[in-house]
Amino acid sequence: MSHQTVIVLDFGGQYNQLIARRVRECGVYCEVRPYTTPLAELKAMEPIGFLFTGGPNSVYLEDAPHVDPAIFELGVPVLGICYGCQLMAHTLGGRVTAAQDDAAREYGKTETFYDTACPLFKGLPESGVSWMSHGDYMERVPEGFTLAARSKACPNVAIADVRRGFYGVQYHPEVNHTENGLQMIRNFLYEVCKARGDWTMEDYKRTAVAAIREKVGGGRVLLALSGGVDSSVCAALLAEAVGEQLTCVFVDHGLMRKDEGNEVQTAFQSWAMNFVRVDAEARFLERLAGVTEPERKRKIIGAEFIRVFEEEAKKIGAVDFLAQGTIYPDVIESGAGKAAVIKSHHNVGGLPDHVDFKEIIEPLRLLFKDEVRQLGRELGLPEYLVSRQPFPGPGLAIRVIGDLTKEKLDTLREADAIYRQEIGDAGLAGVIGQYFAVLTNTRSVGVMGDGRTYDYTLALRAVTTSDFMTADWARIPYPVLDRISTRIVNEVPGINRICYDITSKPPATIEWE
Ligand code: XMP
């Protein structure tokens, strides 16, 4: 193997892939393995370090996940996180118990004090907020370990055996809420494991391409390409791996933004693969005629999408693999499953029933959004596709409030294009998470030239957000709003009034429908 490997040993924590992602972010190759993997197998991977993840259990319970104690004899450094820390302490002769009083149980943001002489905290501030989530307490740390960080409630928030390269932290350095957490992981990799930093997205691409080739062999692959970031990168990766064995079906439902359909076609036409664009605008508009209720719009679009896709797939005949651009956050979200349904989001619908395929492949399943974008760049996709903002599956159908017509969609497309152009020209595109125009179904009186108008009101929406679960309205400078408003009412017939949406999420949602 040409690159160094770190193993993330998974004890069932929520953040196992996030840890892996952080390691990759630090330029080190990493694989997640279940804690049940035989030691010989782990050893054969010749890791330069282990990270033990958190997990829902208590180490002192009989059926709690354990490791082969011989893992500590390999001479390979270990960073234990939360459960991983307690497990290491427990296995090496320390004592872990349930915290007796509430004060020793810690959840959430906790002020933490670090010993900066410890290699894990080298070069970092002496205190900062860490993200805790533990109900157990290390009553006695194992021999050879010293205390490396503390909080008000807990004297041993971090422990270290510098000689053997064993470190444990009770908080989660991998989450953003822990200040300097990424730097701590970097210190573990570079100061303790002596990593070279020999892993890049180019390596990732090469490995992914090889893995797809091995899996697909001579088989045929079918992908529904929406033109969004995930499916576009998935298409490019598959095209690179299996070329003509891939067929991408791009269902153009006529609900995309201005020029978007052509942009997708231009980006993919020249690739060595089969690209099918289905012009289904008329069908979708027919189905949606007279429908005003947002959830019904969504359901109709989802169902019609699958129908069109199935019809195209039938023309292609049996395929071996159906590919999907599922990314890691989708995997987490579908796992959660208990949240109330606010909107029935669909990412290019569910699975088609009538497509003849043997297996599903999801080559982006372990990547986070920004890694997907990076991979897209690595594959040579144009920047306008790679950095595209999120766009809902039902498209502009849920941005024309109420009744839909082609004329209204065209009006919205023109206004939205001006809005996006001005935001881009003002240098705000990278700052604002998502921005778009909404054509309301309110009409009002205006005066233009010397005449009366009675036209539609357009709403501008722009939000800053890191996760799209919560969002704040963006403080766009007045001169920029002014320019947008003036241009739209002058250039787009049918609109005579512009409003700016100043609600956050919650209580509003990002989209209007
Ligand atoms: P809301 O409006 O729920 O939106 O605050 C959160 C994010 O999800 C996008 N969104 C959708 N994405 N299918 C999708 O694939 C949908 O039906 C859908 N509805 C909303 C929205 O654009 C925002 O990024």
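Description of the structure in this document. Small disclaimer: the values here were computed from a predicted structure and weren't measured.

### Structural notes on the sheet that holds strand β12 (residues 221-224)
If you trace the five strands from one edge of the open sheet to the other, you get β14-β13-β12-β15-β16, paired in parallel fashion. The two strands at the open ends of the sheet, each matched to only one other strand, are β14 (274-279) and β16 (359-361). For this sheet the average axis-to-axis angle between neighbouring strands, irrespective of direction, equals 25°. Pairing between strand β13 (residues 246-252) and β14: six bridges, direction parallel. When the sheet's bridge partners are listed, T247 is paired in β14 with N274. Helix α6 (residues 229-242) contacts β12, β13, β15 (321-323) and β16 of the sheet and is inclined by roughly 160° relative to β12. Packing of helix α7 (residues 260-269) onto the sheet brings it into contact with β13 and β14, and relative to β14 it is tilted by some 165°.

### Quick notes on the packing of α6 against helix α11 (residues 369-378)
Their axes nearest at 9 Å, the elements α6 and α11 cross at an angle of 45°. Judged on the interaxial angle alone, α11 and α6 are oblique. Of the two possible hands of crossing, α6 and α11 adopt the one that is left-handed. Between α6, through V229, D230, V233 and L237, and α11, the contact on the second element is made entirely by K369, V372, R373, L375 and G376.

### What about the pattern of salt bridges?
The full count for this structure, using the stated rule, is 40 salt bridges. A salt bridge links E25 to R22, with the shortest nitrogen-to-oxygen separation between them at 2.9 Å. Of this pair, E25 and R22 both sit in helix α1 (residues 16-25), separated by three residues, roughly a single helical turn. E25 gets classed as partly exposed once you look at its relative accessible area, which sits at 36%. With a shortest N-O distance of 2.9 Å, K297 and E513 are connected by a salt bridge. Remark: E513 occurs in the segment after β20 (495-500) and K297 occurs in helix α9 (residues 294-316); sequence separation between them is 216 residues. Linked by salt bridges that have partners in common, R283, R287, E304, R307 and E311 make up one network.

### Describing the nonpolar core
Judged by nonpolar contacts, the single largest core of 50 residues is most densely connected at L222, Y419, L458, L460, I476, I488 and I495. For this core, the leading source of residues is α9, giving seven residues. In contact with Y419, other than residues within four places in its own chain, are Y435, F436, A437, L460, R461, A462, I476, I484 and Y500. Grouped together as the second largest cluster of nonpolar side chains are 43 residues, Y29, Y204, V233 and M273 included.

### Comments concerning helix α13 (residues 406-425)
When the terminal C-alpha atoms of α13 are compared, their 29 Å separation across 20 residues agrees well with the 28 Å that a helix rising 1.5 Å per residue should span. Within the sequence span of α13, burial applies to K408, L409, T411, L412, R413, A415, D416, A417, I418, Y419, E422 and I423. Tucked into the core, α13 has its buried residues touching α8 (281-288), β17 (434-448), β18 (451-464), α14 (478-491) and β20. The first or second residue beyond α13 is G427, which carries a positive phi of 75°.

Procedures and definitions
Within every chain, residues take consecutive numbers counted from 1 along the sequence as written. Per-residue local features are limited, in this predicted model, to residues with pLDDT of at least 70; the limit for side-chain atom pairs, both in listing and counting, is 80 or more; totals at the level of whole chains, interfaces and linings are taken over all residues. Side-chain numbers come from the whole structure's heavy atoms, not from hydrogens or water. In short, DSSP must find at least two bridges between two strands for them to pair. Note on conventions: DSSP H or I runs of at least 4 residues are helices, E runs of at least 2 residues are strands, and numbering of each starts at the N terminus. Structural elements are reduced to axes, namely lines fitted to C-alpha atoms, with helices fitted over the stretch in contact, and the angle between N-to-C directions of any two is expressed from 0 to 180 degrees. The contact criterion used throughout is that any non-hydrogen atoms of two residues lie within 4.5 Å. Here roughly perpendicular refers to angles of 65 to 115 degrees, roughly parallel to angles under 35, roughly antiparallel to angles over 145, and oblique to all remaining angles. In this scheme the crossing of two helices becomes right-handed for a clockwise turn of the near helix relative to the far one and left-handed for an anticlockwise turn of less than a right angle. Whenever a carboxyl oxygen of Asp or Glu lies within 4 Å of a side-chain nitrogen of Lys or Arg, that contact is scored as a salt bridge. Burial here depends on accessible area, computed with a 1.4 Å probe over protein chains only, as a share of the maximum for the residue type. Under 20% is buried, over 50% is exposed, and the range in between is partly exposed. Among the buried residues, those of types Ala, Val, Leu, Ile, Met, Phe, Trp, Tyr and Cys that are joined through side-chain atoms within 4.5 Å form a nonpolar core. To estimate how far a helix should extend, the number of its residues minus one is multiplied by 1.5 Å.

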